[in-house]
Every structure is written in structure tokens, then in C-alpha cells.
Amino acid sequence: MSEATELVVVSGKGGVGKTTVSASLAFFYSTQRLEAVIADADVDTPSLHLVLGFRLKRSEEARLSKKARVDPAKCVRCGACVRTCPYGALEQGQDGVPEPIWYLCEGCGACRVVCPSGAIDIVPARTGKLVEGTTRYGQPMVSAQLEVGEHNSGLLVSQVRLRARAIAAERGAKLLLVDGAPGIGCPVVSSLVGADAALVVAEPTPESLRGALRVLQVARHFGLKTYSVLNKYDLSPFWQEAAGKLAEAGAPVLALVPYDKAVVDALAQGRPVPELYPSSRAAEALEELAEALEGLLKEGRP
Amino acid sequence: MKAPFILAVAGGKGGVGKTTVAVNLAAYMADRGLKLLLVDADVDNPNDHVNLGLEPVKLKDITVFAPVIDARKCTRCGTCARECPEHALLAAPGREPIFFEDRCSGCRVCQLVCPEDAISEGHKALGHIFRAREGEGSLELLGAELKPGEARSPLVAKALMDEVLARLGNARGGYDVVIVDCPPGVSNTVVQAMRHARLALLITEPTPLGLSTLKLALKVAEKLSLPAYLAVNRADISGHGLKAVEELAASRGLPILARVPFDEAAVRASVEGVPVVRLEPRSRAARELVRLAEVVLELGVMRGQPQRELEKP
């Protein structure tokens, strides 16, 4: 049995249309019977479920983080941990017992190493929530929500992908479609490592293009095949130049999606645009994108 | 010394207009003669300079500790590899441990546990801090950029904010207002960017996605005990969506300071790399952004809210 091709939708800059593109692709493949499993790797602000619908099957707490815990009974108030902590996450309280600051502690354990009285433990902490279910269109979907202020978004993304891959293997799915996070940091790196291809969504504005080129650099660094789609392309006279730069950076533009009020209207109703407005210009361009990707998939190229 | 007013422009979702609002408030306030420091803390994807048409200059590298192992002192005991919480060191039989730089978080546990004192201080670059200043104007930009391929955005945001606090602690700064353009999301990077502010201006858009992430952004502000205010961007793209945002705001006691309309002038400004309040000051978006700037100033500087002691970096 061949493994599912894992395609990650990323953008560098946020709000340029990742979720619109991912949701539209998921919708097309559900109607064309291309077996796909959907994963939302934007664990900071997951939103794919708002457009694809989500029927919850399983929910579990992910405790992948670690935090220092000080036992006041054993603490000798020497302050060694406070001086050693590389993140400045320990502060001595009025009673002299150090108190970890929740948003600074990374649970590295340097404090435990230097504590002369064995008063510090490194304990597992809540990273977030992992959920599994199906979309309104019957596709299996895995999503997660990072705990506010947490460090380990990448670990949570890895869990999402592992779970989604297991489901894809079980069902013999052809495609694992991953909606990625904005940026190029921890959750994005974690969604790209080991995946097959990245689809970079960009708008023809200087800031979106910069973000797209940065995330492309990361995707190529990790050996992914790269493609791109230019969203709201007709809002800028600069679009041909943008398309050229994306292609030059190794991400040929598979489709040009025009600015279309239908996208906003569909989003406002929490539905994929091709479902509500199948003959809109945006839906037609998104269908071209879905077909281009499917073609690449059949050739075994992504 | 007068402590400046520190405003965090935040909001969970990417692309809702945090940078647009931050850059326009900064440009307008600076043009009104306030000494302004704009901090671009969206370290994954800093863009404020693009929107202002400025050319940033690298100020310094952001580095963390990385181990340098002295092969002569190392007894191959393997303690460092066993204790490394990130598994960045591999004990190789008969030779000194192999170091995987990509995994290292710079925590120094290896150095602390080495019984032979064989590990000394090395450095690994995570990114850099940059700076730009508008020619004659009173707007200064300080930002940081994560190195592509690196994952540790929170440390880069923290290093940037430490640099900002150092400048504020140093009388030379003399800023009236500091505006921090925060990254999207709810992670630690966002907390690092927001935690020194006195007031959070949350930005959202009137869509189900905007609404859902606004709730998350509110959680961050609450956890940091930051008073929060709201500005709705592209407020007129969905009447239904705006109503939902307004209902949430009312139920949370979150004052809505502005409803910025969708305006092609804002798109043109973004393409030109000039804030819309300067490029097309009479456009609907610019007028609402100016009004927002006035309200924010009233809230912060002019009403002289209780000023928090500056934290030592």
C-alpha cells in the first residue's frame, strides 16, 4: 500500500488565504472521491473546522510540555536556580522560595541540576488539546488547540500529523492535506519536516511576497517540492512580477485566484467558496488549482 | 524619568491588519510630533519597514548558548548526552559527544552537568535585531527577524523586547509612545511581545475566523492582566459578521474603538509601501485610522493612566 502524499499549505504572512485554499481543496476532493485526510496544523489559531464543519469523535489533552516545580519544604532558599535559569523564569518570592513564571519556563531542567537540596522537579504540563473527527463532507480531520502562552506548538503539530498519517494509512488515503500556520517558526518548521510538498499561498503585495519567499526557503531547506498559488492577484499591478519571483524561487504558480466578493461571503457563512458559489471566478480558479494538484499527484510528482 | 506609553497591537489571526494599524498609528503620531518607537515583534515575518518604505540596518545578532566540547578534557562519560533535554547531544562510544545544533535550545544543562568542565561557551545565531529611522522624523523602528529554518521565535521576540526595555531604561530614548506590532497566534512568542505593554489593542475582522481568534486573543490579554480594546478592520465586509463581533465585545466589556472600512486605498498604500494615513489621508480607511490614533492617545498619554514600573531587562 502506497503512503498518502502529504501536502502542506503555508504562506509566511498570515491572512492571505491559506484556510480559503485548504478548505476549497478539501471540498473539491470530497466531491471527486479523491480520498483525503485533513489536518489543521495552525495550532495557535485553528480555523479550518469553522469552514469545513467538524464532528468530534475524540478529544484528548496533550501534555508534551514541561515546567519546573519547586517544593517549598525541601527548598533551602539559596537562589542557585534563580541565578542559573537561562530564561529568567524563576523569581524568589517574599518567603525566599523561587516561583516559576509560567510563560518563561521551558522546563529545561537547568534549575534542577543546580539545586543542592533536590527541591525542584520537572513535571509534564498541558500543551493543548488534540481533536479527531470528520468534516461536514465526510473526510477524517485532525486538529489541535495550543494552550495560551505555550512554547511547544511544534510538538503539538507533530502529534496532529502523526495522528492524521495513521488515519491516512488505515484508510489508504491518497492525500494528506495539511493547513499550516503563518510565519516560519516552530509550528511551521514542524509541519514541513518530512512532508512531501508545500503549496505556498501568496498575495501580490510586497509583504506577502516577502513572507512567501521566506517560507519557501524553509520548505526547500527541508527538501519539499514547492508550488504556489497567487490569491487576489488582480488587486495589484505588481502580480506578474510576483508570479515570476515565486516561480524563480522554485514554486511554479499553479493558479491565479482573483479578488472576489464570493470568497468573503462564503467565509462569512462558514462554508468553502466552491460549495456556495461554484460558478464564481474565485471558485473556478480554485478548481483549476485542485485539478493541477491532482494531476501532479497522479503523476506521483508532489 | 517619564515612562512612555506602551501599546501592544495584537490579535490572534494573521492578516487581520495588525501591521496596517500599528504602522498607521505610528506614522500619524510621529507626524503629530510625538517621539515614537515602533517595535516589529512579528519576528517570523517582520514587515513594518516594508509598509513604511524604510531600509533597515542590522543592529546585532541574537544568539543563544551552544556547547563547545574540549576533546582533551572530555572523558566520554556521556552525562551531557543523557541530561540534554532536547537530545541535541549524542554519546558516541569512544569519542566526544556528537552535537546536533538544530536541536539545541541553549539551556546550558550540558555545561552544568559535565563533571570535567569540558564544555565551554559557544554561540548559535537565531536571528538578528534591526533598526530603521525616518529621515528627519520622530519615528524610529526596532525589529527582529528569525533566521529561516530556525524555530525558536519566542527567544527572538524576548531578545527584541529586552533591547527595547534597555533603550527605555536609558534616558536617551525619551520616547512618548512605544507601539509593539505583535505576531499572530497565541503562543509564547505573542506573550513575549505583549507582556510589557500597558494596553492591548486587539484587531479583528468580522468573519467567523476573526471572531474565533478574537476569543483566543482575549484569553492572552486576560492571562497577562492587560486592559484590552478592540478595532475591527474591514468592518463593512459582512454585516452579520460585524454584529457577531459587536455582541462578543459587549458581552466581554471590550470597548470597540474603531471600525475601519475595507478600502482600496489601503491596498494601494500597501503596494506603495506608504501608510494610508500619509498616502491618501482623505480616504475612509485613513480617516478612521486617524480617529483611532486620537482615541488611543487620549487613553494612554493624555489621560495619564497609572504608569507601571519598567521592568529591568
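Bear in mind that the values here come from a model prediction, so they are computed numbers and not experimental data.

1. Re the overall build of chain B
Right, so step 1: In terms of regular secondary structure, chain B is built from eleven helices and eleven strands.
Right, so step 2: Seen along its three principal axes, the alpha-carbon backbone of chain B occupies a region of about 70 × 45 × 40 Å.
Right, so step 3: Across the 313 residues that make up chain B, the buried fraction comes to 53%.
Right, so step 4: Here the analysis covers contacts within chain B between residues at least 6 apart in sequence; of these, 75% occur between residues at least 24 apart.

2. Details of the sheet that holds strand 9 (residues 140–146) of chain A
Strands in a sheet are paired, the pairing made by backbone hydrogen bonds, and the direction either parallel or antiparallel.
All names here are of chain A.
Right, so step 1: What the nine strands build is an open sheet, ordered 3-8-9-2-10-1-11-12-13; its pairing is mixed. Each having just a single partner strand, strand 3 (55–62) and strand 13 (253–257) make up the two edges of the open sheet. Ignoring strand direction, the axes of neighbouring strands in this sheet form an average angle of 20°.
Right, so step 2: Here strand 8 (residues 128–134) runs beside strand 9; their pairing, made up of seven bridges, is antiparallel. The partner of Lys 129 across the bridge, within strand 9, is Gln 145.
Right, so step 3: Set on the sheet, helix 5 (residues 153–171) makes contact with strand 2 (36–40), strand 3, strand 8, strand 9 and strand 10 (175–179); between it and strand 9 the angle comes to about 170°.
Right, so step 4: Docked against the sheet, helix 7 (residues 206–221) engages strand 1 (5–10), strand 11 (197–202) and strand 12 (225–231), running at close to 175° with respect to strand 11.

3. Here we look at the interface of chain A and chain B
Right, so step 1: Counting residues at the interface gives 48 residues for chain A, matched by 51 residues for chain B.
Right, so step 2: Among the elements of the structure, helix 4 (110–114), helix 5, helix 6 (186–192), helix 7 and helix 9 (261–268) of chain A are those that each provide at least two residues to the side of chain A that touches chain B.

4. Concerning the domain arrangement of chain B
Right, so step 1: Considered domain by domain, chain B is made up of domain 1 (5–61 + 135–302) and domain 2 (71–117).
Right, so step 2: Taken over C-alpha atoms, the centre of domain 1 of chain B sits 42 Å from the centre of domain 2 of chain B.

5. Structural notes on the domain arrangement of chain A
In many reports, interface size means the accessible area that the parts give up when they come together.
Right, so step 1: On domain assignment, one finds that chain A holds domain 1 (5–63 + 128–298) and domain 2 (68–125).
Right, so step 2: One C-alpha centre belongs to domain 1 of chain A, the other to domain 2 of chain A; they are set 41 Å apart.

6. Some points on the nonpolar core
The nonpolar side chains of a soluble globular protein tend to be buried with one another.
All names here are of chain B.
Right, so step 1: Among the nonpolar cores identified, the biggest contains 204 residues, and Ile 179, Val 180 and Leu 202 are the most heavily contacted of them.
Right, so step 2: At nine residues, the largest contribution of residues to this core is made by helix 1 (residues 18–31).
Right, so step 3: Those residues in contact with Val 180 that lie beyond four places of it in its chain are Ile 6, Leu 7, Ala 8, Val 9, Val 39, Ala 41, Ala 193 and Ala 197.

7. Remarks on helix 8 (residues 239–252) of chain B
Three or four residues apart is the spacing at which side chains of an α-helix point the same way, because the helix has 3.6 residues per turn.
Right, so step 1: The terminal C-alpha atoms of helix 8 of chain B lie 20 Å apart, and with 14 residues this matches the ideal 20 Å at 1.5 Å per residue to within 8%.
Right, so step 2: The set of residues buried in helix 8 of chain B consists of Gly 241, Leu 242, Val 245 and Ala 249 of chain B. Down the axis of helix 8 of chain B, the sector holding all buried residues measures 100°, keeping them to one side. Set apart from the buried face of helix 8 of chain B by more than 90 degrees, the exposed residues are Gly 239, His 240, Lys 243, Glu 247, Ala 250 and Ser 251 of chain B.
Right, so step 3: For helix 8 of chain B, the secondary structure elements touched by its buried residues are helix 9 of chain A together with strand 9 (199–204), helix 7 (208–223), strand 10 (228–233) and strand 11 (256–260) of chain B.

8. Here's the deal with the pairing of strand 2 (residues 36–40) of chain B
All names here are of chain B.
Right, so step 1: Among the five residues that make up strand 2, five are buried, leaving the element largely enclosed by the rest of the structure.
Right, so step 2: The two faces of strand 2 match: Leu 36, Leu 38 and Asp 40 on one face and Leu 37 and Val 39 on the other face are all buried.
Right, so step 3: Looking at chain direction, strand 2 and strand 8 (residues 177–181) are connected through five bridges and run parallel. Along strand 8, the bridge assignment pairs Asp 40 with Asp 181.

9. Some details on helix 5 of chain A
Residues and elements named next belong to chain A.
Right, so step 1: For helix 5, built from 19 residues, the straight-helix expectation of 27 Å at 1.5 Å per residue is met to within 8% by its first-to-last C-alpha distance of 27 Å.
Right, so step 2: When helix 5 is considered as a whole, its buried residues turn out to be Ser 153, Gly 154, Leu 156, Val 157, Gln 159, Val 160, Arg 161, Arg 163, Ala 164, Arg 165, Ile 167 and Ala 168.
Right, so step 3: On its buried face, helix 5 sits against strand 2, strand 3, strand 8, strand 9, strand 10 and helix 6.
Right, so step 4: Positive backbone phi, approximately 65°, marks Gly 172, located one or two places after helix 5.

10. Focus on the packing of helix 7 of chain B against helix 8 of chain B
All names here are of chain B.
Right, so step 1: Axis separation between helix 7 and helix 8 bottoms out at 10 Å; the angle between their running directions is 20°. As the angle between them shows, helix 7 and helix 8 are arranged roughly parallel. Both helix 7 and helix 8 take part in a crossing whose hand is right-handed. Mapping the contact onto sequence places Gly 210, Leu 211, Leu 214 and Leu 218 in helix 7 and Ala 244, Val 245, Leu 248 and Arg 252 in helix 8.

11. What about the environment of Asp 48 of chain B?
All names here are of chain B.
Right, so step 1: Positionally, Asp 48 belongs in helix 2 (residues 48–52).
Right, so step 2: You can call Asp 48 buried: it has 26 C-beta atoms within 10 Å.
Right, so step 3: Distance in space between the C-alpha atoms of Asp 48 and Glu 247 is 32 Å, their sequence separation being 199 residues.
Right, so step 4: Not counting residues up to four positions away in its chain, the partners in contact with Asp 48 are Thr 19, Ala 22, Val 23, Leu 38, Asp 40, Leu 141, Gly 143 and Asp 181.

12. Considering the packing of helix 1 (residues 18–31) of chain A against helix 11 (residues 281–298) of chain A
Residues and elements named next belong to chain A.
Right, so step 1: Look at helix 1 against helix 11: their axes get within 10 Å of each other, and the N-to-C directions meet at 65°. Here helix 11 runs roughly perpendicular to helix 1, going by the angle between their axes. The way helix 1 lies across helix 11 gives a crossing that is right-handed. For the pair helix 1 and helix 11, contact is made by Val 21, Ser 24, Leu 25, Phe 28 and Tyr 29 and by Leu 286, Glu 287, Ala 290 and Leu 293, respectively.
Right, so step 2: Of the residues that constitute the contact of helix 1 with helix 11, the class distribution is seven nonpolar, one polar and one charged.

13. Details of the sheet that holds strand 1 (residues 5–10) of chain B
All names here are of chain B.
Right, so step 1: The nine strands lie next to each other as 3-6-7-2-8-1-9-10-11, forming an open sheet whose pairing is mixed. In the strand order of this sheet, the two ends are held by strand 3 (57–69) and strand 11, each with one partner. On average, each strand axis in the sheet is inclined to that of its neighbour by 20°, with strand direction left out of account.
Right, so step 2: As paired strands, strand 1 and strand 8 are joined by five bridges and run parallel to one another.

14. With respect to the environment of Ala 173 of chain A
All names here are of chain A.
Right, so step 1: Within the fold, Ala 173 resides in the loop between helix 5 and strand 10.
Right, so step 2: Note on Ala 173: 23 C-beta atoms within 10 Å, which makes it buried.
Right, so step 3: Between the alpha carbons of Ala 173 and Thr 5 there is a distance of 8.7 Å; along the sequence they are 168 residues apart.
Right, so step 4: The residues contacting Ala 173, other than those within four sequence positions of it, are Ala 4, Glu 35, Ala 36, Val 37 and Ala 168.

15. As for the confidence of the model for chain B
Residue and element names in this part refer to chain B.
Right, so step 1: Per-residue confidence for chain B gives a mean pLDDT of 92, with 94% of residues at or over 70.
Right, so step 2: The model gives residues 305–313 a pLDDT under 50, and that stretch makes 13 contacts with residues more than four places away or in other chains.
Right, so step 3: In the predicted assembly, ipTM is 0.92 and pTM is 0.93.

Calculation notes
Residues numbered from 1 in each chain as written. Chains lettered and ligands numbered in written order. Predicted model: local features only at pLDDT ≥ 70, side-chain atom pairs only at ≥ 80, totals over all residues. Helix = DSSP H or I, 4+ residues; strand = E, 2+ residues; numbered from the N terminus. Buried ≥ 20, exposed ≤ 12 C-beta atoms within 10 Å, placed from the backbone. Contact = placed C-beta atoms within 7 Å. Pairing = 2+ DSSP bridges. Axes fitted to C-alpha atoms, helices over the stretch in contact; angles between N-to-C directions. Domains from an automatic or database assignment. Core = buried A, V, L, I, M, F, W, Y, C linked by C-beta atoms within 7 Å. Expected span 1.5 Å × (residues − 1). Arc of directions from axis to C-beta. Parallel < 35°, antiparallel > 145°, perpendicular 65-115°, else oblique. Left-handed = near helix turned anticlockwise from the far one by under 90°. Nonpolar A, V, L, I, M, F, W, Y, C, P; charged D, E, K, R; others polar. pLDDT = per-residue confidence, 0-100.

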